[in-house]
Amino acid sequence: SRRQRGARALKPAQLTVCVCVCVGGPSRSMNFFSSGPNLEKQVFDLKLTSKQFDRMSAKSTKQEKAELLKVKKEMEKGNMDVARIHAQNAIRIRNTATNYLKLASRMDAVAARIDQAIQMKAVTKQMGGVVKGMDKALKSMDMEQIGQVMEQFESSFENLDLASATVENAP
């Protein structure tokens, strides 16, 4: 009956393989910490894949409800064997939906971590520039320039705190 419906249940190991393929395969996914735009594309791809898993989970939940209706109808007819088969299908579909949600959650977590790495990289770069500016200011001992550099440093530090707080509060 599975072939007739066109549905194919995947085992968790197969779902993991699907995740690698959806994200771009093992060769691309191993390259997370490369340069900027590629990293942002990885985050986009992960979020897209997560949404796809959410949709697949919703579809599976809908299929589960349809199977439960079939169970009820068959029980009313007195066909307990057929009802049992539909019940087993409903359980399998529910497990599949749960696995999709777990994978979507993992994708979101990975995307959040990569997002945090991108933000930290940008802040680190800014702080490096501020430190160079501080070195120049200290060499010239111009108090106005030192004050401006210190203000830049404080604003960069506030940006770092804001980015950290945002990432920590992410689900």
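Residues numbered from 1 in each chain as written. Predicted model: local features only at pLDDT ≥ 70, side-chain atom pairs only at ≥ 80, totals over all residues. Heavy atoms only, no water.

*Asks:* What should I look at first to understand the overall build of the chain in this one?
*Replies:* Helix and strand counts for the chain stand at six helices and zero strands. Listing each helix as α and each strand as β along the chain from the N terminus yields α-α-α-α-α-α. Burial status across the chain gives 27% buried among its 171 residues. Within the chain, contacts between residues separated by at least 24 positions form 66% of all contacts whose residues are at least 6 apart in sequence. As presented, the chain carries roughly 12000 Å² of accessible surface, and 59% of it is formed by carbon and sulfur atoms. (Helix = DSSP H or I, 4+ residues; strand = E, 2+ residues; numbered from the N terminus. Buried < 20%, exposed > 50% of the residue type's maximum accessible area, 1.4 Å probe, protein only. Contact = heavy atoms within 4.5 Å. Areas by Shrake-Rupley, 256 points an atom, 1.4 Å probe, with all protein chains shown as cover.)

*Asks:* So what exactly am I meant to see when it comes to the nonpolar core here?
*Replies:* As a rule of thumb, nonpolar side chains are buried together in soluble globular proteins. By size, the foremost hydrophobic cluster in this structure holds eleven residues: Leu 39, Val 43, Leu 46, Phe 53, Tyr 100, Leu 103, Ala 104, Met 107, Ala 111, Ile 114 and Ile 118. Residue contributions to this core peak at seven residues, all from helix 5 (residues 80-140). (Core = buried A, V, L, I, M, F, W, Y, C linked by side-chain atoms within 4.5 Å.)

*Asks:* Explain the environment of Ala 117 to me, please; I cannot follow it from the model alone.
*Replies:* Of note, Ala 117 is situated in helix 5. Between the C-alpha atom of Ala 117 and that of Leu 39, which follows or precedes it by 78 residues, the distance is 9.4 Å.

*Asks:* Just checking my understanding: could you explain the packing of helix 5 against helix 6 (residues 143-169) for this structure?
*Replies:* Two numbers describe a pair of packed helices, the interaxial angle and the distance between the axes. Here helix 5 crosses helix 6 at 165°, and the two axes come no closer than 9 Å. Regarding the angle of helix 5 to helix 6, the classification is roughly antiparallel. Pair helix 5 / helix 6 crosses with left-handed handedness. Residues Gln 116, Gln 119, Met 120, Val 123, Gln 126, Met 127, Val 130, Gly 133, Met 134, Ala 137, Leu 138 and Ser 140 of helix 5 lie in contact with helix 6, whose contacting residues are Gln 145, Ile 146, Val 149, Met 150, Gln 152, Phe 153, Ser 156, Asn 159, Leu 160, Ala 163 and Val 167. (Axes fitted to C-alpha atoms, helices over the stretch in contact; angles between N-to-C directions. Parallel < 35°, antiparallel > 145°, perpendicular 65-115°, else oblique. Left-handed = near helix turned anticlockwise from the far one by under 90°.)

*Asks:* Hey, could you run me through a negative patch on the surface in this one?
*Replies:* On the surface, Glu 151, Glu 154, Glu 158 and Asp 161 cluster together into a patch of negative charge. Position of Glu 151 among the secondary structure elements: in helix 6. Given a relative accessible area of 57%, Glu 151 falls into the exposed group. (Patch = residues over 30% accessible without salt bridge, like charges linked within 9 Å, V, L, I, M, F, W, Y side chains within 5 Å. Salt bridge = Lys/Arg side-chain N within 4 Å of Asp/Glu carboxyl O. Lys, Arg positive; Asp, Glu negative; His and termini not counted. Charge placed at Lys NZ, Arg CZ, Asp CG, Glu CD.)

*Asks:* I'm lost on the environment of Ile 118 in this one. Help?
*Replies:* Relative to the helices and strands, Ile 118 resides in helix 5. In this structure Ile 118 comes out as buried when scored by relative accessible area, which is 19%. Each C-alpha atom of the pair Ile 118 and Val 43 lies 9.8 Å from the other, and the pair is 75 residues apart in sequence. If we skip the residues at most four places from it in the chain, Ile 118 touches Leu 39, Glu 40 and Val 43.

*Asks:* Honestly, the confidence of the model for the chain in this entry has me stumped. Any pointers?
*Replies:* Detailed reading of the predicted coordinates is not advisable wherever pLDDT is low. Averaged over every residue, the pLDDT of the chain is 79; the share at 70 or more is 77%. Confidence over residues 1-7 falls short of pLDDT 50; this stretch has eight contacts with residues more than four positions distant or in other chains. Here residues 12-33 is modelled with pLDDT under 50, and outside its nearest four sequence neighbours on either side it reaches 31 contacts, counting other chains as well. (pLDDT = per-residue confidence, 0-100.)

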